[in-house]
Amino acid sequence: ESANYARNLSNTPGGDMTPEILAEAAKVMVKGTKAKVTVLGLAQIKKLKMGMVLGVAKGALAEPKFIIVEYWGTAKSEKPIVLVGKGVTFDSGGLDIKPADSMLGMHHDMSGGGAVIAAVAAVAKLKLKKNVIALVPAVENAVSGDAYRPGDILTAIDGTTVEVLNTDAEGRLILGDALAFAERYNPRLTIDVATLTGAAEVALGNHASVIFT
């Protein structure tokens, strides 16, 4: 059920999938379970100083959301597993715009976000005695006069400064803020899931996943 819901989210066209819609979908997925969804809007993201999420989201009309899904299935003294998912609801490449053929299918760029939300929903529905949290930085990477530029310096939530060399490398930026935020949970384990780089597909094709540990 959860896997199919994640597929439906991923297959939703970019014009019908915004960060806000993804956040609402998270609430629908965990309804009736012990899992709790918190959605941080633009003002809260600014307050947290998530400069990389804000930088990537600057060019889009749709405002960013930071989606938190928490399931505490056992004592809070047990360190949680944190799942971080890339939630780029559509990726144009930004000012370093993708070729037309490469842009087709970029509504799938939030598949990691959909997957981690679905994973926590499954854990909650199965009532597992585990503590599992999903974090999804949700943005659209768009082209506009406000879009972030190659050469810009972004400051992450933990104060790390990052020079943007290519605006189509947006996934690692938003994941950076989310991974730093994950440290607040003192996790036992952090796993990030992302459609991060086409190089993975070049290396291994369509029938294997690339895992870095």
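Worth saying up front: this structure is predicted, and the values here are computed from it rather than measured.

About the criteria used
Residues numbered from 1 in each chain as written. Predicted model: local features only at pLDDT ≥ 70, side-chain atom pairs only at ≥ 80, totals over all residues. Heavy atoms only, no water. Salt bridge = Lys/Arg side-chain N within 4 Å of Asp/Glu carboxyl O. Helix = DSSP H or I, 4+ residues; strand = E, 2+ residues; numbered from the N terminus. Buried < 20%, exposed > 50% of the residue type's maximum accessible area, 1.4 Å probe, protein only. Polar contact = N/O pair within 3.5 Å; in protein donor to acceptor, adjacent residues only side chain to side chain. Contact = heavy atoms within 4.5 Å. Pairing = 2+ DSSP bridges. Expected span 1.5 Å × (residues − 1). Axes fitted to C-alpha atoms, helices over the stretch in contact; angles between N-to-C directions. Parallel < 35°, antiparallel > 145°, perpendicular 65-115°, else oblique. Left-handed = near helix turned anticlockwise from the far one by under 90°. Nonpolar A, V, L, I, M, F, W, Y, C, P; charged D, E, K, R; others polar. Phe/Tyr/Trp six-rings, centres within 6.5 Å; stacked < 30°, edge-to-face > 60°. Lys NZ or Arg CZ within 6 Å of the ring centre and 35° of its normal.

**A look at the pattern of salt bridges**
Opposite charge on two side chains makes pairing possible when the charged atoms of those side chains draw close. Enumeration over the complete set of coordinates arrives at 6 salt bridges. Across the pair E170 and K86 runs a salt bridge whose closest N-O atoms are separated by 3.1 Å. Placement of the pair is E170 in helix 7 (residues 170-182) and K86 in the loop between strand 3 (81-85) and strand 4 (87-91), with a sequence separation of 84 residues. Across the salt bridge formed by K98 and D168, the nearest N and O atoms sit 2.9 Å from each other. Linking K98 in the loop between strand 4 and helix 5 (100-103) with D168 in the loop between strand 7 (161-163) and helix 7, this pair joins segments that are 70 residues apart in sequence. Under the relative-accessibility criterion, D168 is labelled partly exposed at 27%. Linked through salt bridges whose partners overlap, the residues forming this network are K86, D109 and E170.

**Describing the side chain of N141**
Positionally, N141 belongs in strand 5 (residues 131-141). There is a polar contact of 2.8 Å between the side chain of N141 and the side chain of D91. In this structure N141 touches V56, V88, F90, D91, S92, G93, G94, Y148, T167, D168 and E170, once residues within four positions along its chain are discounted.

**Examining the pairing of strand 5**
Along a regular strand, successive side chains alternate from one face of the sheet to the other. Taking burial as the measure, the 11 residues of strand 5 include 10 buried ones, the bulk of the element. In this structure, strand 2 (residues 65-72) lies alongside strand 5, joined through 8 bridges in antiparallel fashion. By the bridge assignment for strand 5, I68 is matched with L135. In the sheet, strand 3 pairs with strand 5 via 4 bridges, with the strands oriented parallel. For I81, the partnering residue across the bridge sits in strand 5 and is V132. Examined bridge by bridge, strand 4 and strand 5 share 3 bridges and lie parallel to one another.

**Thoughts on helix 6 (residues 111-125)**
A turn of α-helix holds 3.6 residues, and therefore any two residues three or four places apart point the same way. Between the first and last C-alpha of helix 6 there are 21 Å, a value that for 15 residues agrees with the 21 Å anticipated at 1.5 Å per step. Of all the positions in helix 6, only G112, G113, G114, V116, I117, A118, V120, A121, V123 and A124 are classed as buried. Considering only its buried residues, helix 6 is in contact with helix 1 (2-11), helix 2 (19-30), strand 2, strand 3, strand 5 and strand 8 (189-193). Positive phi appears at K127, one or two residues downstream of helix 6, with a value of about 55 degrees.

**Some words on the packing of helix 1 against helix 6**
Relative to each other, helix 1 and helix 6 sit at 155 degrees, their axes nearing to 9 Å. By the angle class used here, helix 1 and helix 6 are roughly antiparallel. Classified by chirality, the crossing of helix 6 by helix 1 is right-handed. Facing S2, A6, L9 and S10 of helix 1, the residues of helix 6 in contact are S111, G114, A115, A118, A121 and A122. Partitioning the contact of helix 1 with helix 6 into residue classes produces 6 nonpolar, 4 polar and no charged.

**Concerning the packing of aromatic side chains**
Taken as a whole, this structure holds 2 aromatic pairs when the rule is applied. The interplanar angle of 65 degrees and the centroid separation of 5.0 Å between the aromatic rings of F66 and F181 together place this pair among those described as edge-to-face. Of the two residues, F66 sits in strand 2 while F181 sits in helix 7, which places them 115 residues apart along the sequence. Centroid distance F181 to Y185: 6.3 Å. Interplanar angle 65 degrees. Geometry classified as edge-to-face. For the pair formed by F181 and Y185, the shared burial category is buried. Site record: aromatic cluster; members linked through ring pairs are F66, F181 and Y185. Above the plane of the ring of W72 lies K76, whose end atom (NZ or CZ) is 4.8 Å from the centre.

**Some details on the packing of helix 2 against helix 6**
Put simply, helix 2 and helix 6 touch, their axes get as near as 9 Å, and they point 15 degrees apart. One finds that helix 2 runs roughly parallel with respect to helix 6. Once helix 2 is placed against helix 6, the crossing between them reads as right-handed. Contacts from L22, A26, M29 and V30 of helix 2 reach helix 6 at I117, A118, A121 and K125.

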